Structure formats: structure tokens, C-alpha cells
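What the coordinates show
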Amino acid sequence: MRLDLAEDVGALTARLVDIESVSGAEKALADAIEEALRALPHLTVLRDGDAVVARTDLGRAERVVIAGHIDTVPVAGNLPSRTEDGVLYGCGTSDMKSGVAVQLKLCLLAAPNRDLTFVFYDCEEIEAERSGLLRLTRTHPEWLAGDFAVVMEPTDGLIEGGCQGTLRAEITVKGVRAHSARSWEGVNAIHGIAPVLDRLVRYEPRSPLVDGLQFREGLNAVGVRGGVAGNVIPDECVVTVNYRFAPDRTIEEAFAHVCEVFDGFDVRLTDGSPGARPGLTDPVAAAFAAAIGGTPRAKLGWTDVARFSALGMPAVNCGPGNPDIAHTAGENVSLARIAESERRMTEWLTGPL
């Protein structure tokens, strides 16, 4: 299917939605995006796997990166797309093909006030190691270089600055195996996790201000693994916890905090991703906030702004989708919201500096 970048941004969103692109199967959509962008003479188009990057080279004083993932979660009986009463329904409408449609419309700007880099990448909705953006940071970091990044994740058109960091850790409690008919001869490891759960129940999370935005942390059990058989006292039980931490802490500091909470227990870090500070005091970011309007808020979750932060540039989330209905069978997006996003982004990139 070919893409017509000249059509209305809502119609373009519907066309993108109807090109199914579940994580790992983005080639058809990546091909269509690449074909459409190569027809624009003011862009240099690059490709790595199913990630497509397009750049202007106008010698502007600033370079802005505008990024969005082209994959979706699995289809839930919600394709093809349909429109009712000014609302577009379908898999990926909110997260985040409406944002990708805005990106593609912005690609038509032949003389923006800043140099632009557009990044369309694969495999965001699955395990981090398969992320197309992570791959680009490793193989072609120079393609992503810039002064400021906007990730078009669904935010209802508001600016969400930075993002939380996240880590998972396992707390292991040991016991002594025995026959359940003679339980007093053993030590039940499952019973032994009661103090771990008690500490979680009594835990009081921080709500720190970071660069003027209010973040809210959380430390929660997300899994319990234990038990050998129906007639055996278990000798091991593992509680998996997830800590969502504000971006004023590094992963190392966050893990040290988890170890402090569970002092006396065996605690092992299993995975983690750093957060990103909002960076809204940076002049380019401040100009973006002024142009888009509204009151910025903290991103309570992890997004790819963290990858841009790791490359040394401030980044925010700002897209037309509604994050509260992303990934649902009834996922949808307001056509008016998409058009408003395109208008505001265009005014920012064509107005006076």
C-alpha cells in the first residue's frame, strides 16, 4: 500500500492503521514510509532494518529529532480501522500511528526553522533488546544526534517531560524442604516471605519534584514463585518487585534503595532502564513548551525519551493519542486532536525563533 503524504492527517492515520504492523512484522509499513519519504528531495533518507530515518541538512543553528515507533501490540479484532462521529478506531490509532501520521506530515516542510531528523522505528512494544531505537543508538548514533527530541507517544496533546526509570529485582527467601505430613521438620519458604510483603505494604513512596515536575514513585510485588509439589514444604520462594523511580535517581541508586528496603534478604537485580529528566529548562525545550502550550506534566512510565537522554539531549513526550486507551480493543483517537497536533507542531517549526 502506498502512502499519500498530501492527504489529510486523519486519513493518513487511517491508512497507516490499515497497514498491520505488529511488533516484528513492520516491514510493509517501513517500506511504505521509506518509499514516501524518498520522493521528497529535501530529505536524506536512511534505513536500518525496519527503522527509517529522514533528515534535512539546511545548516540551521538547531536540530530537532522527532521520533515515533511504527509497531503495535497484537491486533484484537480491531482492524481495519473505522471512523464514527469524528473518532478513528483501530489497532495503533492512539499508540501511536496518529503520532506517526503527524511526523509524516511534518516531513513535507521543505524549509523549517530548525533542521529536522525524523525517526520511524520498529519493535518498541516488546522486549527492550529488540528495540529498533536501541539498535540505532548502537549502530548509527550519529543519525540520532540533535539538540532536542520529541517522542510522539500518546499524551492527549500535552507535554509529558522526562520519564520514570524502572527496575525489577528478586527477593529470595530460603527454607528447608520436608514432607508436608511432618512440616515441623522443615522451614516453609513461602511462609517466610511474609516480612517481605509486610515491608511492601508499609512502604511509603516518594513524590519528588524534578525540574519542576511532580513524579510519583512505586515499589510493588509483581510476582511470587515458590512451591515444589502438593505434599512438600518448599525450600525456596522468590518475590519479584518492580520499582518505578523518579529520574533524579540512577539505576544504581534505585537498586541501592531497594536493597535498603529489603535489608537482611537476598536481593538480585534482574533488569532495569534509567529514567530521563524533563530538561524543560533547556532553551530549545522551553521554546517547544511555549509553542505547544498547556501545563507540562511528568511522564509516569518509561518511554524512549530515556534513550535520547542517554545520548545527551533533552526529550519530551507529546503526541495526539490518548494513553488511557492504548493497547485496548476499543483503541481510538480523536481526528480533531490529530489535526491540532499537526497544527501546533507546524507552527513551532515554521514560526520565528
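Residues numbered from 1 in each chain as written. Predicted model: local features only at pLDDT ≥ 70, side-chain atom pairs only at ≥ 80, totals over all residues. Heavy atoms only, no water.

Per an unreviewed UniProt entry, the protein chain carries the name Succinyl-diaminopimelate desuccinylase and comes from Microbispora amethystogenes.

**Here we look at the overall build of the protein chain**
To keep things clear, this is the line we draw: Only DSSP runs of H or I covering at least 4 residues are called helices, and only runs of E covering at least 2 are called strands; the numbering of each starts at the N terminus. Exposed residues in this analysis have more than 50% of their type's maximum accessible area, buried residues have under 20%, and partly exposed residues fall in between, with area computed by a 1.4 Å probe over protein chains only. Residue contacts are defined here by distance: any two heavy atoms, one from each residue, within 4.5 Å place the two residues in contact.
A count of helices and strands for the protein chain gives nine helices and 19 strands. The dimensions of the protein chain, computed from C-alpha atoms along their principal axes, are 80 × 45 × 40 Å. Out of the 353 residues belonging to the protein chain, those deemed buried represent 52%. Here the analysis covers contacts within the protein chain between residues at least 6 apart in sequence; of these, 77% occur between residues at least 24 apart.

**What about the sheet that holds strand β5 (residues 87–89)?**
Here is the rule we go by: Following DSSP output, two strands are said to pair if at least two bridges run between them. Here the axes come from fitting lines to C-alpha atoms, over the contacting stretch only for helices, and the angles between their N-to-C directions go from 0 to 180 degrees.
Taken together, the three strands give an open sheet; going across it, the order is β4-β5-β19, and neighbouring strands pair in antiparallel fashion. Two strands close off the open sheet at either side, each with one partner strand: β4 (82–84) and β19 (332–334). Neighbour to neighbour, the strand axes of the sheet diverge by 25° on average, direction disregarded. As paired strands, β5 and β19 are joined by three bridges and run antiparallel to one another. Opposite V87, over in β19, you have S334 as the bridge partner. Running over the sheet, helix α9 (residues 335–350) touches β4, β5 and β19 and is turned about 60° from β19.

**Brief notes about the packing of aromatic side chains**
For any pair of aromatic rings, the description rests on two quantities: the centre-to-centre distance and the angle between the ring planes. So the rule is basically this: The aromatic pairing rule takes the rings of Phe, Tyr and Trp, using the six-membered ring of Trp, and pairs them if the centres are within 6.5 Å, calling planes under 30 degrees apart stacked, those over 60 edge-to-face and the rest tilted.
Taken as a whole and judged by the stated rule, the model has four aromatic pairs. Here F148 and F288 contribute two aromatic rings whose centre-to-centre distance is 5.5 Å and whose plane-to-plane angle is 55°, an arrangement assigned as tilted. Taken together, the residues span a long stretch of sequence, with F148 in strand β7 (residues 148–151) and F288 in helix α7 (residues 283–292) at a distance of 140 residues. The class of F148 is buried, set by a relative accessible area of 0%.

**A word on the environment of T155**
On the secondary structure map, T155 appears in the loop between β7 and β8 (160–161). Along the sequence, T155 and S94 sit 61 residues apart, while their C-alpha atoms lie 9.3 Å from each other. Once residues within four sequence positions are removed from consideration, T155 is found in contact with E160, R297, N317, C318, G319, G321 and P323.

**Looking at the pattern of salt bridges**
Pairs can form between side chains of opposite charge once their charged atoms are near each other. Selection rule: We define a salt bridge as a side-chain nitrogen of Lys or Arg found within 4 Å of a carboxyl oxygen belonging to Asp or Glu.
Summed over all chains, the structure comprises 33 salt bridges. Residues R47 and D31 are paired through a salt bridge, measuring 2.8 Å at the closest nitrogen-oxygen approach. One end of the pair, R47, is in strand β1 (residues 44–48); the other, D31, is in helix α2 (residues 27–38), with 16 residues separating them in the sequence. Residue class for R47 comes out partly exposed when judged on its relative accessible area of 24%. The class of D31 is partly exposed, set by a relative accessible area of 29%. The partner of R344 in a salt bridge is E340, with the nearest N and O atoms 2.8 Å apart. Placement of both R344 and E340 in helix α9 is noted, with a separation of four residues, approximately one turn of the helix. Judged by its relative accessible area of 26%, R344 is partly exposed. Each of the salt bridges in this network shares a partner with another, and the network as a whole consists of K27, D31, E34, R38, R47 and D50.

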